[in-house]
Amino acid sequence: MSKMKLIVNGCAGRMGQALTRLISAHDALQLLGGLEVAGSDALGQDLGALAGGSALGVSASDDALALMAEADGVIDFTTPAASAELAGLAAQARIVHIIGSTGFDAAQQAAIEAAARHATIVKSGNMSLGVNVLAGLVKQAAAQLGDAWDIEIVEMHHRHKVDAPSGTALLLGDAAAQGRDVTLDAVKQSGRDGIGAPRADGAIGFAALRGGSVVGDHEVILATQNEQLRLAHRAEDRDIFARGAIEAALWAKDKPHGLYTMQDVLGL
C-alpha cells in the first residue's frame, strides 16, 4: 500500500515541528513538504533541522499550490485566516485538510464549509483523542443530569495563547449544550465581573486562565445542591494533538468530501 503524502502547514511552529517528527517516523506516511508564510526565515530550511533533528531532505516552502498538487493531505495548526484560505486550495486540489486551528469567525467558518464540498476536511477545537472522549462524556452527563445541574467550564493555557475561551473549552461547551438540546450561543456565559451578575438559569459558564507554559488544562464542573461532578483533561505535551491529527488524516484518506470532526474519526 502506498504511503499517504502529507504537507505540514506552519512547519516552523511548535505544532509543525511535532508533526514533522511524528510523520517522518510513521510507516504509513510520507512527509512531502512544509509550508510557511512568504518572508519567513524558515523558507528553504530542512524540516528535520527545523524540528531539532537530522536532515530529512524536505524543505520549507511558501508555494502551497505546487505542493498540494502532489499531496494527499495537509495538516494545519496555524491561524483562522490561514486555515480558511488553505481550505480553498485543498478544495481545488481535492485533498484531505486537517484543521487544528481555533478562533474562527462566521465568515471563515462559512468558507471552510464551502470548501468541504470538494475537499475532505476534519476540523476540531482539539485533536486530542482524550479530549474528544471527554466531550462525549460531557454530552452524556449533561443529558442525564438535566437543567438542575449548573455547568461551568474552566480552562488554563500558556500566556501566549490569543483566543479565549479556548477552542477546546468551546468544544466541551458545545457538547454540554447538545446534551441539553440547546445551542451554545443561546446559553454561553463568560467574563463575569462586578456586582449584579447572578448566574442565569441553564447557562454554561466559561472561565479562561492564562499563565506560564501550560499546554492545556480543561475541567467541566456540573454542580447542584450539595453535589458536584468534575470531568477533566490535562495535556502534558503538544505531541498528543499531532498524534490525533495524524489519526484524523489516515481516517479521512478514503472518506467522501465533507466537513467532519474528531467525533466522526472516533466513531462517537
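Nothing here was measured: the structure is a model prediction, and the numbers come from that model. (Residues numbered from 1 in each chain as written. Predicted model: local features only at pLDDT ≥ 70, side-chain atom pairs only at ≥ 80, totals over all residues. Heavy atoms only, no water.)

Caption draft 1: Inspection of the UniProt feature "active site" (unreviewed entry) in the protein chain at higher detail. With numbering aligned to this structure, UniProt lists the feature "active site" (unreviewed entry) at His157 and Lys161. Topologically, His157 is positioned in strand S7 (residues 150-157). Reaching out from His157, the side chain makes a polar contact with the side chain of Glu155 at a distance of 2.8 Å. Residue placement: Lys161 occurs in the loop between S7 and helix H7 (167-179). Excluding residues within four positions of it along the chain, Lys161 makes contact with Thr102, Ser166 and Arg210. (UniProt positions renumbered as here; feature names shortened; annotations may be inferred. Helix = DSSP H or I, 4+ residues; strand = E, 2+ residues; numbered from the N terminus. Polar contact = N/O pair within 3.5 Å; in protein donor to acceptor, adjacent residues only side chain to side chain. Contact = heavy atoms within 4.5 Å.)

Caption draft 2: Expanded view of the nonpolar core. Counting 33 residues, the largest nonpolar core has Leu19, Ile23, Ile75, Phe77, Ile98 and Val122 as the members making the most contacts within it. When contributions to this core are tallied by element, the ones reaching two or more residues are strand S1 (4-9), helix H1 (14-24), strand S2 (29-35), helix H2 (47-50), strand S5 (96-99), helix H9 (239-252) and helix H10 (262-265). Looking at this core element by element, the count peaks at seven residues for H9. (Core = buried A, V, L, I, M, F, W, Y, C linked by side-chain atoms within 4.5 Å. Buried < 20%, exposed > 50% of the residue type's maximum accessible area, 1.4 Å probe, protein only.)

Caption draft 3: Geometry of helix H4 (residues 80-93). Helix length check: H4 (14 residues) gives 20 Å between terminal C-alpha atoms against 20 Å at 1.5 Å per residue, within 8%. Those residues of H4 that fall on the buried side of the exposure criterion are Pro80, Ser83, Ala84, Leu86, Ala87, Leu89, Ala90 and Ala91. Where H4 ends, the next residue or the one after it, Arg94, has phi of about 60°, a positive value. (Expected span 1.5 Å × (residues − 1).)

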